[in-house]
Amino acid sequence: MRILITGGAGFIGSHLAERLIAEGHRVSVLDDLSTGSRDNLAAIAGHPGFFFTEGSILDAPLVARMVADADVVFHLAAAVGVRLIMEEPSRGILTNVTGTERVLEACLERNTRVFVASTSEVYGKATKFPFSEEDDLTIGATVNLRWSYACAKMLDEFLALAYLRERGLPVTILRFFNTTGPRQTGRYGMVVPSFVTAALQGAPLLVHGDGTQSRCFCHVADVIEALMRLLARPESSGRVYNIGTDQEVSILELARQVKAAAGSASEIRLVPHAEVYGPGFEDMARRLPDIARLEAATGFRPATPLSRIIADVLEEKRAALAAAG
Ligand SMILES: NC(=O)c1ccc[n+]([C@@H]2O[C@H](COP(=O)([O-])OP(=O)(O)OC[C@H]3O[C@@H](n4cnc5c(N)ncnc54)[C@H](O)[C@@H]3O)[C@@H](O)[C@H]2O)c1
């Protein structure tokens, strides 16, 4: 198939591009390189079935041309990460709302199958665990701009599902939970690469809050496997799926495991949320997905333990630090 990945130079998108090329598909990537990088695509850059275009999903004519040339679209481009959203909320909102609107409108032209990246953030402050796809979503006040990311992604979901209902557009919503692994950068507040880099440099591992908050970290290779299985099943269109693992770990325990795996003498230091993101910042205590729907549809179960995830990120960051001298 001819597959377009928006945001394909990013963390998840570049792994997806590699896997699709390995399986014989033709892959086009549209990315503005704001958080992604061409280095992420180095392994497939010279492949005859791979095409890269530097540009924005906000460029409607460009998006229309690229979508017209695709059988399937994975729409992953977005302003991602709490730090980035807190620093430039308006850019985040425009990219994540207007950009998605442009991609979906282009897909309407030929009724192109489209996968839309959403996020576990949409569950917000919900307290019923685990989170299931049709649960109520509970977000905070608008003065707390953190919630703009969740709200923008919710609007993306609504628009995609509206086009499905009104025009029969084959859309699949991917609610990614914490995905991690090689190529994820710590620059925008992602915790695993941040901890690993700090541990390797002997810098303190900064745990926000009291560290009892927990998350479920899924290896990007497992996430890609889930996406490949959904791609192979046209009947997945029209549905929302949680994508991730249900193996939970507290952030303090994660810091301890990273420190031990790295053999690091780094201090683990607790830092109040307000000090990192300003006063009034809200964080969620848990974010645990119910992945039964994904498993029932595809037979997928995440396979990679946290120890392996940490080892893979350590290996990558060690090599990067060594190369940087
Ligand atoms: N990694 C996670 O844990 C996670 C969790 C929940 C949701 N997601 C979602 O998955 C998708 C991929 O995230 P990721 O972790 O790979 O992040 P990423 O930042 O590595 O990837 C996003 C990519 O989109 C590109 N991009 C941003 N704005 C663009 C624009 N206007 N035009 C074209 N390209 C643009 C960036 O350059 C980058 O390559 C995003 O939609 C994100 O919201 C990721």
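In this numbering scheme, every chain counts its residues from 1 along its sequence in written order. Local features are withheld for residues below a pLDDT of 70 in this predicted model, meaning they are given only at 70 or higher, and side-chain atom pairs are given and counted only at 80 or more; totals for whole chains, interfaces and linings count all residues.

DSSP-based pairing: two strands are paired if at least 2 bridges between them are found. In this text, helices come from DSSP runs of H or I with a minimum length of four residues, and strands from runs of E with a minimum of two, each type numbered from the N-terminal end. Judged by pairing direction, the sheet is parallel, and its seven strands sit side by side in the order β3-β2-β1-β4-β5-β6-β11 without closing on themselves. The strands lining the two open edges of the sheet, one partner per strand, are β3 (50-54) and β11 (240-243). Sheet twist, expressed as the average angle between the axes of neighbouring strands with direction ignored, equals 20°. As paired elements, strand β2 (residues 26-31) and β3 share five bridges and run parallel to each other. Its bridge partner lying in β3, V29 is registered against F52. Contacts from helix α4 (residues 89-110) reach β1 (2-6), β4 (72-75) and β5 (113-119) within the one sheet, and its direction differs from that of β4 by about 170°. Between N-to-C directions, angles cover 0 to 180 degrees, with each direction set by a line fitted to C-alpha atoms, over the stretch in contact for helices. Placing C-beta atoms from the backbone, we regard two residues as in contact once those atoms come within 7 Å.

Another point: the environment of W147. Positionally, W147 belongs in helix α5 (residues 147-167). Distance from W147 to I85, taken between C-alpha atoms, is 9.1 Å for residues 62 residues apart in sequence.

Before going further, it helps to spend a moment on the site of the ligand. Around the ligand lies a shell of 29 residues, among which G7, G10, G36, A78 and A117 are the nearest. Those elements giving two or more residues to the shell around the ligand turn out to be α1 (11-22), β2, α4 and β5. If one sorts the elements of the shell around the ligand by residue count, α1 sits on top with three residues. Using a C-beta atom placed from the backbone, a residue is described as near a molecule or strand when that atom lies within 6 Å of it.

Glancing now at the nonpolar core. Definition of nonpolar core: a set of buried Ala, Val, Leu, Ile, Met, Phe, Trp, Tyr and Cys residues joined via C-beta atoms within 7 Å. Put plainly, a residue is buried at 20 or more neighbouring C-beta atoms within 10 Å of its own, exposed at 12 or fewer, and partly exposed in between, counting only other residues' C-beta atoms, which are placed from the backbone. Counting residues in each nonpolar core, the largest one holds 85 residues, and the members touching the most others are I5, V67, F195 and V258. Once residues within four sequence positions are removed from consideration, V67 is found in contact with L4, V73, V103, A106, C107 and T112.

Packing of helix α6 (residues 191-201) against helix α11 (residues 306-323) leaves a shortest axis separation of 10 Å and a crossing angle of 55°. On the basis of their axis angle, the class for α6 and α11 is oblique. For α6 against α11, the interelement crossing comes out right-handed. On the side of α6, the interface is formed by V192, P193, V196, T197 and L200, while α11 contributes V313, L314, K317, R318 and L321. Residues were grouped as follows: Ala, Val, Leu, Ile, Met, Phe, Trp, Tyr, Cys and Pro as nonpolar; Asp, Glu, Lys and Arg as charged; and all remaining residues, including Gly, as polar. A breakdown of the residues in the contact of α6 with α11 according to their chemical character gives seven nonpolar, one polar and two charged. Oblique is the label for any angle not under 35 degrees, not over 145, and not in the 65 to 115 range, which are roughly parallel, roughly antiparallel and roughly perpendicular in turn. Take the far helix as your reference; a near helix turned counterclockwise from it by less than a right angle gives a left-handed crossing, and one turned clockwise gives a right-handed crossing.

Turning next to the packing of helix α2 (residues 60-68) against α4. Packing of α2 against α4 leaves a shortest axis separation of 9 Å and a crossing angle of 45°. The angle between the axes of α2 and α4 places the two elements in the oblique class. For the crossing formed where α2 meets α4, the hand is right-handed. Contacts between α2 and α4 involve A60, V63, A64, V67 and A68 on the former and, on the latter, R102, V103, A106, C107, E109 and R110.

A helix is expected to reach a length of 1.5 Å times the quantity of its residues less one. Helix length check: helix α7 (residues 220-231), at twelve residues, gives a terminal C-alpha distance of 16 Å against a target of 16 Å (1.5 Å per residue), a fit within 8%. Those residues of α7 lying buried are V220, D222, V223, A226, L227, L230 and L231.

Compared with an ideal rise of 1.5 Å per residue, which puts 18 residues at 26 Å, α11 spans 26 Å between its outermost C-alpha atoms and is within 8% of the ideal. Those residues of α11 lying buried are L306, I309, I310, V313, L314 and K317. The buried residues of α11 all sit within an arc of 130° when viewed along its axis, so they share a single face. Of the residues in α11, the exposed ones pointing more than 90 degrees away from the buried face are S307, E315, A319, A322 and A323. Close packing links the buried residues of α11 with β7 (179-180), α6, β10 (218-219), β12 (248-250) and α8 (251-262). Once α11 finishes, G325 follows within two positions and takes phi at roughly 80°, a positive value. By arc we mean the arc of the directions from the helix axis to the C-beta atoms, nothing more.

Time to look at unusual backbone geometry. Going from F129 to P130, the amide bond is cis rather than trans, its omega being -10°. Looking at the element boundaries, P130 is found in the loop between β5 and α5. Positive phi, close to 60°, is recorded for L33, a residue that is not glycine. Inspection of the secondary structure assignment puts L33 in the loop between β2 and β3. With a phi close to 55°, N111 is a non-glycine residue in the positive phi region. Relative to the helices and strands, N111 is located in the loop between α4 and β5.

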